[in-house]
Each structure stands twice: as structure tokens, then as C-alpha cells.
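Remarks on the overall topology
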Amino acid sequence: MSANDVSALLWRERELLEMLLFKLEEEQLLLTAGKTRWLQHATREVEQVLDRLRAAGLTRTIEVSALAQEWGAREDATLRDLLAAAPEGTWTDIFQGHLSAMTELAAQIKEVRDGNERHLRAAVRSTQETIADLNPDAGIYTADGASSASTGSANLVDTSL
């Protein structure tokens, strides 16, 4: 595989990272708007992009390895290793551009993902609090085994003694 082919694979992977960022931002918009009805669809789309990214990453790893060997680097070379082994000139600039862009996209993705996680935790907490407030007497029983929610709080004290 040529450096040109590896560069094309890296462009494709960058496009997928941008798509992932877009899908995570869609999720965030749904979460902040409270439109949880559509959240499962957005999450499925994120998972689909992640699957495509995994496949692209595997292909990139294989092709970077082949090019790295051609350039005298280790067989298990990373993109950073490939950059270090690249011949002076254009390929150094091109691969540095890919690495910088992918690093920036990864940081943005992490930030949005972490924000979504915070929104989801807040939503779960809010839901739990709402459910708890719906029936505050649930789980309290009288001496005869009746629930205080169904008999009223007046029966909580046994006055027959």
C-alpha cells in the first residue's frame, strides 16, 4: 500500500470521527431538550458510526503497518511512529495534519460524550426522585400487614390496646 492510500484511509477515518461528533451532539440536543423519545434512535446511530470506525481503524492499522515496514519502521507502528519514519517533505506534513486533526476530534468527542453522560445521570436522578415522590408512603405497613398507602396514615397507630 502506498502513502497515498494510507492518507486516503486517514481522510475516511477523519470523516467518521466528524460524523461521530455530529451524532453525539445530536444526542446532546435531545437530552437538553428533554426529547428522550428519540434518544434510542440517536444512540443506535452513534453505535453504527462506532462500528464503522472500528472497521476503519483495523484497516488503517494493517495498512500503516505495511507502509511503516516499507519506510523502515516497526511492524506494529502507530500513526505517530509512521510520522516519525516518514521521508522528509510532503508526507511528514500530510501525516502530521492527519494526526493533529484526529487528536483534536478525539478531544471534542470526549468532551461531548462526557457532557452527555452528565445529562443522562441527571435525568436518571430526576426520574428516580419523581418516582419516589409519587408514592411517599410506599413500603410502610401497619401492624396488621396493610399498606399505609391504601389504609391512610390514621391506621398507622394501633389504638385497640
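Look at helix H1 (residues 3-33) against helix H4 (residues 90-134): their axes get within 9 Å of each other, and the N-to-C directions meet at 20°. With respect to H4, the axis of H1 lies roughly parallel. Crossing angle aside, the handedness with which H1 passes H4 is left-handed. Looking at the contact of H1 with H4 residue by residue, the class counts come to 18 nonpolar, 10 polar and six charged.

Attention now moves to the confidence of the model for the protein. Residues at a pLDDT of 70 or more form 85% of the protein, whose mean pLDDT is 87. Per-element mean pLDDT across the protein ranges from 52 in helix H5 (residues 148-151) up to 96 in H1. Confidence over residues 150-161 falls short of pLDDT 50; this stretch has seven contacts with residues more than four positions distant or in other chains.

Moving on to helix H2 (residues 39-70). Its 32 residues give H2 an end-to-end C-alpha distance of 46 Å, which sits within 8% of 46 Å, the value for a rise of 1.5 Å per residue. One or two steps after H2, the chain reaches glycine 72, where phi turns positive at roughly 85°.

With that settled, the discussion passes to the pattern of salt bridges. Across all of its chains, the model carries 10 salt bridges by this definition. Of the charged contacts in the structure, one is a salt bridge between glutamate 117 and arginine 121, with a shortest N-O distance of 2.6 Å. Note that glutamate 117 and arginine 121 are positioned in helix H4 at a spacing of four residues, about one turn of the helix. Since its relative accessible area comes to 35%, glutamate 117 is described here as partly exposed. Each of Lys23, Glu26 and Glu45 takes part in a single network of salt bridges with overlapping partners.

The next thing to look at is the side chain of histidine 98. Among the structural elements, histidine 98 can be located in helix H4. Accessibility expressed as a relative area gives 1% for histidine 98, which makes it buried. A polar contact of 3.1 Å, which involves the side chain of histidine 98, links it to the side chain of arginine 14. Once residues lying within four places of it in the same chain are set aside, the contact partners of histidine 98 are Ser7, Leu10, Trp11 and Arg14.

On to the nonpolar core. Val6, Leu20, Leu67, Trp71, Leu79, Leu82 and Phe95 are the most contacted members of the largest nonpolar core, which has 27 residues in total. Elements with a minimum of two residues in this core: H1, H2, helix H3 (79-85) and H4. Among the elements that take part in this core, H1 stands out by supplying eight residues, more than any other. Other than its neighbours up to four places away in sequence, tryptophan 71 contacts Ala3, Leu82, Ala85, Ala86, Pro87, Trp91 and Phe95.

Mapped onto the secondary structure, threonine 103 falls in helix H4. Taking relative accessible area as the criterion, threonine 103 reaches 42% and is therefore assigned partly exposed. C-alpha of threonine 103 to C-alpha of arginine 14: the two residues are 89 residues apart in sequence and 9.9 Å apart in space.

This paragraph deals with the packing of aromatic side chains. If you walk through the whole model with that rule in mind, you get two aromatic pairs. Summarising the aromatic geometry, the rings of tryptophan 71 and phenylalanine 95 are spaced 5.9 Å apart at their centres and angled 70° between planes, so their arrangement reads as edge-to-face. Of the two residues, tryptophan 71 is situated in the loop between H2 and H3 and phenylalanine 95 in helix H4; the sequence distance between them amounts to 24 residues. According to the relative accessible area criterion, phenylalanine 95 is buried, its value standing at 0%. Three or more aromatic residues link up through ring pairs in this structure, and these residues are Trp71, Trp91 and Phe95. Positioned over the ring face of tryptophan 11 is arginine 14, at 4.1 Å from the centre of the ring.

What counts, and where the lines are drawn
Residues numbered from 1 in each chain as written. Predicted model: local features only at pLDDT ≥ 70, side-chain atom pairs only at ≥ 80, totals over all residues. Heavy atoms only, no water. Axes fitted to C-alpha atoms, helices over the stretch in contact; angles between N-to-C directions. Helix = DSSP H or I, 4+ residues; strand = E, 2+ residues; numbered from the N terminus. Parallel < 35°, antiparallel > 145°, perpendicular 65-115°, else oblique. Left-handed = near helix turned anticlockwise from the far one by under 90°. Nonpolar A, V, L, I, M, F, W, Y, C, P; charged D, E, K, R; others polar. pLDDT = per-residue confidence, 0-100. Contact = heavy atoms within 4.5 Å. Expected span 1.5 Å × (residues − 1). Salt bridge = Lys/Arg side-chain N within 4 Å of Asp/Glu carboxyl O. Buried < 20%, exposed > 50% of the residue type's maximum accessible area, 1.4 Å probe, protein only. Polar contact = N/O pair within 3.5 Å; in protein donor to acceptor, adjacent residues only side chain to side chain. Core = buried A, V, L, I, M, F, W, Y, C linked by side-chain atoms within 4.5 Å. Phe/Tyr/Trp six-rings, centres within 6.5 Å; stacked < 30°, edge-to-face > 60°. Lys NZ or Arg CZ within 6 Å of the ring centre and 35° of its normal.

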